[in-house]
Each structure stands twice: as structure tokens, then as C-alpha cells.
Amino acid sequence: MYDILTYIGLIMIGVGAIADLLAAIGMNKFWNFYLRLHAATIGTIWGAFVPIIGASLVAIGYEALGPYRWFMAGAGFVTAFLILILAPAGSHALARATHRARIVKVEPCIADHIDESMCVKKGGNK
Amino acid sequence: MIDPQIIVLGMAALAALVSVIATYLAILEKNLVRAVVFSAIQSTLYAFLYYVLMAPDIVLVYIPVAVGLYPAVVLILISKTEKEEKV
Amino acid sequence: MDPAMINTFILYIIPIFIIAFILYIIRALSGPTISDQVLAIDAMTYDIAAFLVILSIFFREPILIGAAIVLALWIYALDIYIAKYLEGKEMGE
């Protein structure tokens, strides 16, 4: 029973580590702030939410921790839930402020209905 | 099997080294908002350093002060005065 | 399940996380704009919170997990401060 939880948890931790590495590479390879938001989403949901859930599942089946493992699993689930709420809200606030303050132009752009002057069309005034 | 002590000391050394770079850039930076951001990098790395050195009570006190209150106070001060540093 | 296998697995996971943190820090130190830097710090700190939970399993110290909640909650405040400053160029009112 607990062995299945441990295996699932270890697989989730591994998936989280790989997603974290991919997000960090993407954070360096993308060339625009609005494109880097994709990498940040991968890094926060797949790279933080999934391994914390996996670590909590591992902690439930980890007998060496004693009775404190239930405390550890509960705190892990609370942390994962908070990250699931807070990370998209923070990214959204940052993107909205950047677009409103006109710091970064929307570079691969098809249509921008909020502010037409921010949109840089492909092959246009580049 | 590597000794966990070596891993702890290696991660602590790496975090300390990068925090020195962040502090150096924060001192040299002319744009004060960017200096606050560099200071936030240093605060986060110090929180990780305290954790790795097995002091979770210090972490619980250090994070609200250095990540939460200090950038807020400094940003309020910057917004009341000027954005660029004049030598 | 024996604890040695879990520790060995986490031992192979730790370098991947460290490489990811170094790449995030490169972007956080050299971002062209303030938004890029704050976004990189944000993503890096949520990943550090996940790493702290994994390390508390590795060290077998359940008390250490309280730091992860605090770190995940307060780095959100930094996001909101910088967003509010960029949007209104003022704070506190």
C-alpha cells in the first residue's frame, strides 16, 4: 500500500526536476518578456507544484520519519495549494504592469486590442 | 554514496558565492529599483543558506523581514524621491 | 520501502535542481528589464520552495518544512510590490 505511494511520489519528483531544468533553459533561450512567461508557468506548476505533491506522498509512506510524517505531508499539501494559487496571480500582475507601463513591446504580434501601438508586426517596422 | 555533509557544504558555498555577486551588482547599480531586485536575490539566497545550515527558526524570521518588509519600505522611499542615483 | 533507495534517488535529483537554479540566476542577474529579473526570481523561489521540501525528506527532519510555506507566501509580495511600482510609479497611497 505505502510502496505504491512512494513509487508515485518518486516519479512525480523526477518529472518535477526535469520540468524545472526545461523551464530554466527556456528562461534563457526565449528572447522576450512575454515569451518568458511560458517558461515561468512550466517552472512554477510542473516544477514546483508537482514535486511538492510527490514529496508529500513520499513522506506519507516514509516510516523512518515517525508520527511527524503526517504533519510533513499536510504542510506539503498546503504549500502546493498555495503555489497553485499564488504563482499564476503573480505572473499575471507582473505581465499586466509591464504591458501598461509600456516597458516591453509585444514582439511576435498578430493583434493587440488593448494598445495598438505596442504591437510590432512581423516584417513591419523591425 | 556521498556523505550528506559534503552536499550541504557545497550548496552553502554556491549560495554564498552567488549572493556575493548579487550584492556587488546591487552596490554598483545606478537604477535604484534594479538595486532592490538584486537585494531580493541576495535575501532569497541567504534564506536558502540558513535553511541548509539547519536553522529553520532563523529562516522563519529572516524571510518576512528581508523578502517582505525591506523591499516594500525601500520601494516606498524610492517612489517618494528619485529613481536614478546621482553621484 | 527502504530509506536508502529514496535517498539515492534524491541524490541523483539534487544536481538537476542546482543546474536549474544556476540558469535562473543567470537570467535574474542579467535580465534586460526589471520585469524579466522579477519573473526569474519568482520562478526560482517557487522552485527553491519545492527543493526545500525534498531536502527535508533527504535530511529526515520534518520540522524543516515550515520554511517552504513562508518562502512561497512572501515572494508573492515582492511580485505585487514591483508590479504596483511599475504600473503607478508610486506606492503606499
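See the structure shown above.
The present account deals with the structure reproduced in this document. (Residues numbered from 1 in each chain as written. Chains lettered and ligands numbered in written order. Predicted model: local features only at pLDDT ≥ 70, side-chain atom pairs only at ≥ 80, totals over all residues. Heavy atoms only, no water.)

1. Comments concerning the overall build of chain B
So, step 1. Helix and strand content of chain B: three helices and zero strands.
So, step 2. The N-to-C order of helical and strand elements in chain B reads α-α-α.
So, step 3. Taking 2.2 N^0.38 as the reference for a compact globule, 87 residues should give roughly 12 Å; the C-alpha atoms of chain B span a radius of gyration of 16 Å, well beyond that estimate.
So, step 4. Residue burial in chain B is summarised as follows: out of 87 residues, 48% are buried.
So, step 5. Taking the intrachain contacts of chain B between residues at least 6 apart in sequence as the baseline, contacts between residues at least 24 apart amount to 59%.
So, step 6. Counting 5 positive and 6 negative side-chain charges, chain B places the centres of these two groups 14 Å from one another. (Helix = DSSP H or I, 4+ residues; strand = E, 2+ residues; numbered from the N terminus. Rg over C-alpha atoms; globule rule 2.2 N^0.38 Å. Buried < 20%, exposed > 50% of the residue type's maximum accessible area, 1.4 Å probe, protein only. Contact = heavy atoms within 4.5 Å. Lys, Arg positive; Asp, Glu negative; His and termini not counted. Charge placed at Lys NZ, Arg CZ, Asp CG, Glu CD.)

2. Details of unusual backbone geometry
So, step 1. Phi is positive for Arg-102 of chain A, which is not a glycine, with a value near 60°.
So, step 2. Looking at the secondary structure, you find Arg-102 of chain A in the segment after helix H3 (68-100).
So, step 3. Exposure remark for Arg-102 of chain A: the relative accessible area of 46% places this residue in the partly exposed category.
So, step 4. Positive phi, close to 60°, is recorded for Arg-60 of chain C, a residue that is not glycine.
So, step 5. Among the residues examined, Arg-60 of chain C registers a relative accessible area of 39% and is labelled partly exposed.

3. Topic: the interface of chain A and chain C
By convention, interface size is frequently given as the accessible area that disappears when the constituent parts associate.
So, step 1. Taken together, the contact between chain A and chain C spans 55 residues of the former and 47 residues of the latter.
So, step 2. Counting the surface lost from both chain A and chain C, the interface buries some 4,500 Å², and carbon and sulfur atoms represent 78% of this.
So, step 3. Three residues stand out in chain A for area buried against chain C, namely Tyr-62, Met-72 and Leu-94 of chain A, and they jointly supply 14% of the buried area on that side.
So, step 4. Our count for the contact surface shared by chain A and chain C stands at three salt bridges.
So, step 5. A salt bridge links Glu-87 of chain C to Arg-100 of chain A; its shortest N-O distance comes to 3.6 Å. (Buried area = accessible area lost by both parts, 1.4 Å probe. Salt bridge = Lys/Arg side-chain N within 4 Å of Asp/Glu carboxyl O.)

4. Considerations on the interface of chain C and chain B
So, step 1. The interface of chain C with chain B comprises 39 residues on the first partner and 39 residues on the second.
So, step 2. Of the roughly 3,500 Å² buried between chain C and chain B on both sides combined, carbon and sulfur atoms contribute 84%.
So, step 3. Broken down residue by residue, the surface that chain C buries against chain B is led by Leu-29, Trp-74 and Tyr-85 of chain C, which jointly contribute 18%.
So, step 4. The interface formed by chain C and chain B contains three residue pairs in polar contact (both at pLDDT 80 or more).
So, step 5. Secondary-structure elements contributing two or more residues to the side of chain C that touches chain B are helix H1 (3-30), helix H2 (34-58) and helix H3 (66-88) of chain C. (Polar contact = N/O pair within 3.5 Å; in protein donor to acceptor, adjacent residues only side chain to side chain.)

5. A word on the nonpolar core
So, step 1. If you look at the biggest cluster of nonpolar residues, it comprises 109 residues, and the most contacted ones within it are Met-11 and Phe-48 of chain B together with Ile-14, Leu-55 and Ile-57 of chain C.
So, step 2. Top element by residues in this core is H2 of chain C. It accounts for 18 residues. (Core = buried A, V, L, I, M, F, W, Y, C linked by side-chain atoms within 4.5 Å.)

6. As for helix H3 (residues 56-80) of chain B
For the α-helix, the turn length of 3.6 residues means that residues three or four positions removed from each other point alike.
So, step 1. With 25 residues, H3 of chain B ought to run about 36 Å at 1.5 Å a step, and its terminal C-alpha atoms sit 36 Å apart, in line with that.
So, step 2. Where the residues of H3 of chain B are buried, they touch helix H2 (32-52) of chain B together with H3 of chain C. (Expected span 1.5 Å × (residues − 1).)

7. Let's talk about the side chain of Asp-79 of chain C
So, step 1. Residue placement: Asp-79 of chain C occurs in helix H3.
So, step 2. At 13 Å, Arg-96 of chain A is the nearest oppositely charged side chain to Asp-79 of chain C, a buried residue that forms no salt bridge.
So, step 3. Ignoring anything within four residues of it in the chain, the contact list for Asp-79 of chain C reads Gly-90, Ser-91 and Leu-94 of chain A together with Val-38 and Asp-42 of chain C.

8. A short note on the environment of Ser-30 of chain C
So, step 1. Relative to the assigned elements, Ser-30 of chain C resides in helix H1.
So, step 2. Judged by relative accessible area, Ser-30 of chain C falls into the partly exposed class, the value being 46%.

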